[in-house]
Amino acid sequence: MANGVEKNRAWERLSLIIKESGMTVHAFAAHIGLQRSETLYQIKRGQIGISRNVAQAVVDCFPDYSAMWLRSGVGTMYACPSIERGYIPYYNCQLSQIADLETLEAECYLYLPMVAPADFAIRYIGDDMLPNVMNGTYLILQQVDIKSVIYGEIYVVRTDDFTVLRTVRSSAEGDEIRLAAYNNQKYDDMIIQRSDVLEIYSVKASINLKN
């Protein structure tokens, strides 16, 4: 949850768009497809930030506005695709929190036009992919369909039970996949049903920063 100052700024940005729309908060919520206007009032009260889903709902109905600006204040209020292209939100959280990204605010935006489009960036903490992926590596991720997975490539795989970074390999059974860690002296392969995969993310790029 963001601090109080950022919460207030988030509402200030959203309220500018609501004001320009000429709608009440309740009417605006209904117009962008929210089932309850309470979500907007929670943003106003500083209880939550502006999620990716809310920002996208706003710009779907009002494409002149910038989703990036609405969520973070970065850039300008009005959309400029040539400027926004290449900005990737970075979330300072663990892999296990990927399922909760809609409730989190991006800490900053990385400008990486050479790897766009991508959904978000996150810092990987762990030793299961050593030495190929170092502890502290920044991963640039894009959600993909499991049908488009290329065996032998690295993906972030989320199921009901875990979220891991692994090399995805084929299994003897057609309805299964094998998740392999590079650090196989410490971590065994995992065999799961393809239907168990809730989300899978391709690693578009990885970045290691020296201290």
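Here is a short report on the structure shown in this document. (Residues numbered from 1 in each chain as written. Predicted model: local features only at pLDDT ≥ 70, side-chain atom pairs only at ≥ 80, totals over all residues. Heavy atoms only, no water.)

## What to know about the nonpolar core
Membership of the largest hydrophobic core comes to 21 residues, with the highest contact counts inside it found for Leu-14, Ile-17, Phe-28, Leu-40, Ile-50, Val-58 and Leu-70. Secondary-structure elements contributing two or more residues to this core are α1 (4-21), α2 (25-31), α3 (38-44), α4 (52-61) and α5 (67-72). At five residues, α1 tops the list of elements feeding residues into this core. If sequence neighbours within four positions are ignored, Phe-28 has contacts with Leu-14, Ile-17, Ile-18, Ser-21, Met-23, Leu-40, Val-58 and Phe-62. The next biggest cluster of nonpolar side chains, apart from the first, holds 20 residues, and it includes Ile-98, Tyr-109, Phe-120 and Ile-122. (Core = buried A, V, L, I, M, F, W, Y, C linked by side-chain atoms within 4.5 Å. Buried < 20%, exposed > 50% of the residue type's maximum accessible area, 1.4 Å probe, protein only. Helix = DSSP H or I, 4+ residues; strand = E, 2+ residues; numbered from the N terminus. Contact = heavy atoms within 4.5 Å.)

## Points about the environment of Val-58
Tracing the chain through its elements places Val-58 in helix α4. By relative accessible area, Val-58 is classed as buried at 0%. With 12 residues separating them in the primary sequence, Val-58 and Leu-70 have C-alpha atoms 9.0 Å apart. When sequence neighbours within four positions are dropped, the list of residues in contact with Val-58 reads Leu-14, Ile-17, Phe-28, Ile-32 and Leu-70.

## Quick look at the state of the cysteines
The tally for this structure, following the rule as stated, stands at zero disulfides. Here Cys-108 is not disulfide-linked; the sulfur of Cys-93 is the nearest cysteine sulfur, at 12 Å. Look at Cys-108 and you get partly exposed, because its relative accessible area is 32%. (Disulfide = S-S within 2.5 Å.)

## Regarding the sheet that holds strand β5 (residues 154-158)
Pairing is mixed across the open sheet formed by nine strands, whose spatial order is β2-β1-β3-β4-β9-β5-β6-β7-β8. Both outer strands of the open sheet, β2 (108-111) and β8 (190-193), are each paired with one neighbouring strand and no more. Pairs of neighbouring strands in the sheet enclose a mean axial angle of 45 degrees, with direction left out of account. Pairing of strand β3 (residues 120-123) with strand β4 (residues 138-144), which is carried by four bridges, proceeds in the antiparallel orientation. Note that in β4 the partner of Phe-120 across the bridge is Leu-141. (Pairing = 2+ DSSP bridges. Axes fitted to C-alpha atoms, helices over the stretch in contact; angles between N-to-C directions.)

## Looking at the pattern of salt bridges
For the structure shown, the criterion picks out five salt bridges. For Glu-38, the salt bridge goes to Arg-45, with nearest N and O atoms at 2.2 Å. On the basis of relative accessibility, which here comes to 26%, the residue Glu-38 falls in the partly exposed class. A salt bridge links Glu-199 to Arg-158, with the shortest nitrogen-to-oxygen separation between them at 3.1 Å. Placement of the pair is Glu-199 in strand β9 (residues 199-207) and Arg-158 in strand β5, with a sequence separation of 41 residues. The class of Arg-158 is buried, set by a relative accessible area of 16%. (Salt bridge = Lys/Arg side-chain N within 4 Å of Asp/Glu carboxyl O.)

Note that every value here comes from positions in space, so none of it alone points to a role or purpose.
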